[in-house]
Amino acid sequence: MQLVINGTATEVTATTLGDLLTELGHTGTVATALNETFVPVGARATQTLSPGDRIEILAPMQGG
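Since this is a predicted model, take the numbers as computed values, not measurements. (Residues numbered from 1 in each chain as written. Predicted model: local features only at pLDDT ≥ 70, side-chain atom pairs only at ≥ 80, totals over all residues. Heavy atoms only, no water.)

**A short note on the sheet that holds strand β2 (residues 8–11)**
The 5 strands are arranged β2-β1-β5-β3-β4 in an open sheet whose pairing can be described as mixed. Each end of this open sheet is capped by a strand with a single partner; those strands are β2 and β4 (37–39). For this sheet, the mean inter-axis angle between neighbouring strands, taken without regard to orientation, is 35°. With 3 bridges connecting them, strand β3 (residues 31–34) and β4 associate as antiparallel partners. Looking at the pairing, A33 lines up with F38 of β4. (Pairing = 2+ DSSP bridges. Helix = DSSP H or I, 4+ residues; strand = E, 2+ residues; numbered from the N terminus. Axes fitted to C-alpha atoms, helices over the stretch in contact; angles between N-to-C directions.)

This is the structure in structure tokens:
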């Protein structure tokens, strides 16, 4: 299925947001949004994806 992840069209096999993060190799702490709506950690495993969905994945950064 094709999704737009952080502004880039990407072909994936995942059907849930949790599976998508695993497929993309995100193992640390990230914030996620689906079609501009925040998705909390506890809802990712059951949040289904549809072709054309827009996903934002943000990771915290340290520095000064």
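Let's pick the thread back up.
**Quick word on the nonpolar core**
In terms of nonpolar packing, the biggest core is built from 13 residues, with L3, I5, L17, L20, L49, I55 and I57 touching the most fellow members. Elements represented by at least two residues in this core include exactly β1 (2–5), α1 (17–23) and β5 (54–58). With 3 residues, α1 is the single largest residue contributor to this core. Residues in contact with L17, not counting those within four places in the same chain, are T32, V39, R44, Q47, L49 and I55. (Core = buried A, V, L, I, M, F, W, Y, C linked by side-chain atoms within 4.5 Å. Buried < 20%, exposed > 50% of the residue type's maximum accessible area, 1.4 Å probe, protein only. Contact = heavy atoms within 4.5 Å.)

**A closer look at the environment of V12**
Relative to the helices and strands, V12 resides in the loop between β2 and α1. Taking relative accessible area as the criterion, V12 reaches 3% and is therefore assigned buried. Sequence-distant contacts of V12, defined by excluding residues within four places in its chain, comprise M1, L3, I5, L20 and E23.

**Notes on the pattern of salt bridges**
Scanning all chains against the criterion turns up 1 salt bridge. One salt bridge in this structure joins R54 and E36, with 3.8 Å as the shortest N-O distance. Taken together, the residues span a long stretch of sequence, with R54 in strand β5 and E36 in the loop between β3 and β4 at a distance of 18 residues. R54 gets classed as partly exposed once you look at its relative accessible area, which sits at 39%. (Salt bridge = Lys/Arg side-chain N within 4 Å of Asp/Glu carboxyl O.)

**Focus on the environment of Q2**
With respect to the helices and strands, Q2 occurs in strand β1. The class of Q2 is partly exposed, set by a relative accessible area of 45%. Separated by 48 residues in the primary sequence, Q2 and S50 place their C-alpha atoms 8.4 Å from one another. Once residues lying within four places of it in the same chain are set aside, the contact partners of Q2 are A9, T10, E11, P51 and G52.

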